[in-house]
Amino acid sequence: MHAFFSAFSALSGSRRQFLATVGGAALAVAVGFGGSAAIAADREHTIIVGLGGQINTLDPLRADYNQTNTIISAVYDTLVTYDDTKLVGSLATEYAYADDAKSITFTLRPDVKFHDGTALTAKDVAYTLDRLKRLGTGVASLIDGYVSTTVTDDTHLTINLSKPNTLFLPSLSKVYILNSALVEANKGADDGQGWLQAHDAGSGAYVLGDQSQAVVIDLFPGYWAVEAGRPESIVFRRIDESSTRRDELRAGNIDVAFGFADRDAAAMATDPALKVVPINTSYQTEVLFNTKVGPTADPKVRKALRMVYDYAGGLRGIRGGNGKIANGPLPARLDCRPELPEVKRDLDAAKAMLAEAGAANLKLKMNFQPVFELQKQEATLFQSNLREIGVELELEPIAFPNYLASLKDPNSIPQMMLLEDFAQFPEAGIMLVKGYKSDAIGTNRTGYANPEVDKLLDTALATADEAKRCGIYKQVQTILDNDSVMVDMYGVYKPAAYRVGTLADLKASMLATPAEPADFRLAKP
């Protein structure tokens, strides 16, 4: 336990015991409705979340990793945020680009406290951005072109850019501001990465608490934006299997969970104790090709492979019809998308295209994340589909952190990678610039390089007129579709479920998909 976890440390012994044990077998005892009155009362104000996937770090640097971002979105604040698809201030009350779009001025809220009680100032913003620039990984890719921060006083600062960048401001919605003094005091030899892996340096609505059995966050009483109805504590238990999350919900051992297999969502829909909610954010299931090396460097091979997948069968049989067949490289929830045709399954045309490419006896490899049950099913379906045209597909599991590491070198990018992709925030330009610009090493997941696309995106970055930028983005997406950079399979809605009487409702989020824990509200505050 650490001194700055003041909110957690101040809890009663019974409450700490309850929160420390909900992650394992002791959950049934702690929540077994036969414990002390204090524990029962605490349980009424605690939400337990079933969260799939491994949490490797809670360093805000890795807010590009959804398991990390889900938790830290409640522990840290950003300068700006989104209200649905509208950019609004958070820690910043005012912000504006210079006429040349090479700098942005900010005015900060004067009443914000970090969890250790110190005041947030412009120096903390500068420290956070400078650290991201030094480390150059994770969400550092979102601040490309950052030069420095000029601190005028405690509440005023100017961010200086190396070139015009109209995407820099929305990118700050994923840059969580650090307590600079605290991180500096614990920075060690790795700029605080080891320390922040399991420690809190935020100013958000929740304080990071116990992590012995599960990750616990506790309500911060000094938060600047107090809202009634927030849970006193939120507990995140790792439960990878959809069926296990379903059973734990039914048993009352967890209160809410996300990403259910559709058969489990359908089964829970008949349970009066549960409410199933299909959350429509920006998820799109896709297979990304390495467009630089190997057989998939040939656009004809890529085009052929796109015509093999059973889109309708996958959406119906694996996703339970809970989505829509995709028609382009970006999720349908975003603005500035052209009307592109859906790719149709056509095995004869695929065979002809492979023959034209001279790709006989093709053997390919596709990576996927085995912790996600639906992705395993989709990988197997694609493998079976390709076998119908004589293509052998080897399936190879990969952990997401290892996949991210592979992007540092275009030559090491997986030949094919099955992903559920989503927008880090609702801005089409970010996905295009970070995903398909040739110099976006570390985020360009296909190794794609096209001088025409680079030129168009550079023009968009310096174009202040929103309508003109939108037109450029549509043009880029049309080129990407013609180049067959991916198998864009389908946009999917993410079934979530919660116990009736625990949460008031679930609000979809495009910043911490599918929902932000800080938005949780108790049904009975």
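In what follows, the accompanying structure is described. (Residues numbered from 1 in each chain as written. Predicted model: local features only at pLDDT ≥ 70, side-chain atom pairs only at ≥ 80, totals over all residues. Heavy atoms only, no water.)

1. Here we look at empty space enclosed by the protein
The criterion, for reference: Using protein atoms alone on a 1 Å grid, points that fit a 1.4 Å probe yet trap it form a cavity, whereas open point sets bounded by protein on both sides within 12 Å along at least five of seven lines form a pocket; residues with an atom within 4 Å of a point count as lining. Grid points are joined across faces, edges and corners, and a volume is the space filled by probe spheres set on the points.
One pass over the full model with this rule turns up 1 cavity of 30 Å³ or more. There is about 50 Å³ of room inside the largest cavity. In terms of lining residues, the largest cavity is bounded by Asp59, Pro60, Leu61, Thr128, Arg131, Leu132, Val139, Lys174, Val175, Tyr176 and Leu178.

2. Focus on the packing of aromatic side chains
For any pair of aromatic rings, the description rests on two quantities: the centre-to-centre distance and the angle between the ring planes. So the rule is basically this: Only the six-membered ring of Trp is used, alongside the rings of Phe and Tyr, when aromatic pairs are assigned; centres must lie within 6.5 Å, and planes under 30 degrees apart are stacked while those over 60 apart are edge-to-face, with the rest tilted. A helix here means a DSSP run of H or I that spans at least four residues, while a strand means a run of E at least two residues long, and both kinds are numbered starting from the N terminus. A 1.4 Å probe rolled over the protein chains alone gives each residue an accessible area, and that area as a share of the maximum for its type sets the label: buried under 20%, exposed over 50%, partly exposed in between. When the NZ atom of lysine or the CZ atom of arginine is within 6 Å of a ring's centre and also within 35 degrees of its normal, the charge is said to sit over that ring.
Throughout the structure, instances matching the rule amount to 11 aromatic pairs. Measuring from ring centre to ring centre gives 5.8 Å for Tyr65 and Phe400, while their planes differ by 20°; the resulting arrangement is stacked. Highlighted residues: Tyr65 in the loop between β1 (46-51) and α5 (66-75) and Phe400 in helix α16 (residues 400-406), separated in sequence by 335 residues. Under the relative-accessibility criterion, Tyr65 is labelled buried at 8%. Geometrically, the ring pair formed by Tyr223 and Trp224 is tilted, given 5.4 Å between the ring centres and 50° between the ring planes. An aromatic cluster of at least three residues, connected via ring pairs, comprises Tyr309, Tyr311, Phe382 and Tyr490. Of note, Arg134 hangs over the ring of Tyr127, and the distance from its end group to the ring centre comes to 5.9 Å.

3. As for the sheet that holds strand β5 (residues 103-108)
Sheet strands pair via backbone hydrogen bonds, and the direction of the pair is either parallel or antiparallel. Defined as follows: Two strands form a pair only when DSSP identifies at least two bridges running between them. For helices, the fitted axis covers only the stretch in contact; all axes are lines through C-alpha atoms, and the angles between them, taken along N-to-C directions, range from 0 to 180 degrees. The contact definition used throughout considers only heavy atoms, calling two residues in contact when any of these lie within 4.5 Å.
Spatial strand order, β4-β5-β7-β6: 4 strands in an open sheet with antiparallel pairing. Across the chains shown, the open sheet's two edge strands, defined by having one partner strand only, are β4 (92-97) and β6 (146-153). Along the sheet, successive strands turn relative to each other by an average axial angle of 20°, direction set aside. Sheet analysis places β5 next to strand β7 (residues 156-161), joined by 5 bridges and oriented antiparallel. When the sheet's bridge partners are listed, Ser103 is paired in β7 with Asn160. Contacts from helix α6 (residues 122-135) reach β5, β6 and β7, with the element oriented near 170° to β6.

All we've got here are geometric facts, nothing functional implied.
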